[in-house]
Amino acid sequence: MIQNKKHEEGDIVAIKLVTAEEVIAKVVEEGADSIKVMKPMMLVHTPKGLAMSQFLMMQDVKDAIEISTSNIIAITKANSVASSQYSQTVTSIKAPTPAEKSKIISA
């Protein structure tokens, strides 16, 4: 497994699995043999292009899942675009675009 560093609780990470799936999730705990994550999402192809979908369809999203490091090819902190899209998907909070930011009135 290729790993940049230990990830802290709350980090949003991109994980490439030996099954070729790419998962993005929030870290709960990282150990030597596994990583626990919340709300894992994976990339899926749709008629409109790529989208994020729940990694385990029958998972209770309130529970963390544990992924064995033996099933991980690579793990790294997710880039800002992926991290922002993930946050919007799992929390329904949309970050403003630069154009939208310019329309925000501040004191």
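Structural data are supplied above this passage.
Right, let's walk through the structure included here. Every value quoted in this text rests on a predicted model; they were computed, and no experiment measured them.

Attention now goes to the nonpolar core. The biggest cluster of nonpolar side chains holds 14 residues, and the ones touching the most others in it are Ile15, Leu17, Ile35, Val37, Ile67 and Ile72. Secondary-structure elements contributing two or more residues to this core are strand S2 (12-17), strand S3 (22-30), strand S4 (34-46), strand S6 (65-68) and strand S7 (72-77). Here Val37 is in contact with Ile15, Ala25, Lys26, Val27, Val28, Ala64, Ile65 and Ile67, once residues within four sequence places are set aside. One finds Ile12, Ile24, Met41 and Ala78 within the second-largest nonpolar core, a separate group that totals 5 residues.

We now examine unusual backbone geometry. For Ala20, which is not a glycine, the phi torsion comes out positive at approximately 80°. Tracing the sequence through the fold places Ala20 in the loop between S2 and S3. With a relative accessible area of 52%, Ala20 lands in the exposed category. Phi angles above zero are rare outside glycine, and Lys39 is one such case at about 45°. Residue placement: Lys39 occurs in strand S4.

Analysis parameters
- Residues numbered from 1 in each chain as written.
- Predicted model: local features only at pLDDT ≥ 70, side-chain atom pairs only at ≥ 80, totals over all residues.
- Heavy atoms only, no water.
- Core = buried A, V, L, I, M, F, W, Y, C linked by side-chain atoms within 4.5 Å.
- Buried < 20%, exposed > 50% of the residue type's maximum accessible area, 1.4 Å probe, protein only.
- Helix = DSSP H or I, 4+ residues; strand = E, 2+ residues; numbered from the N terminus.
- Contact = heavy atoms within 4.5 Å.

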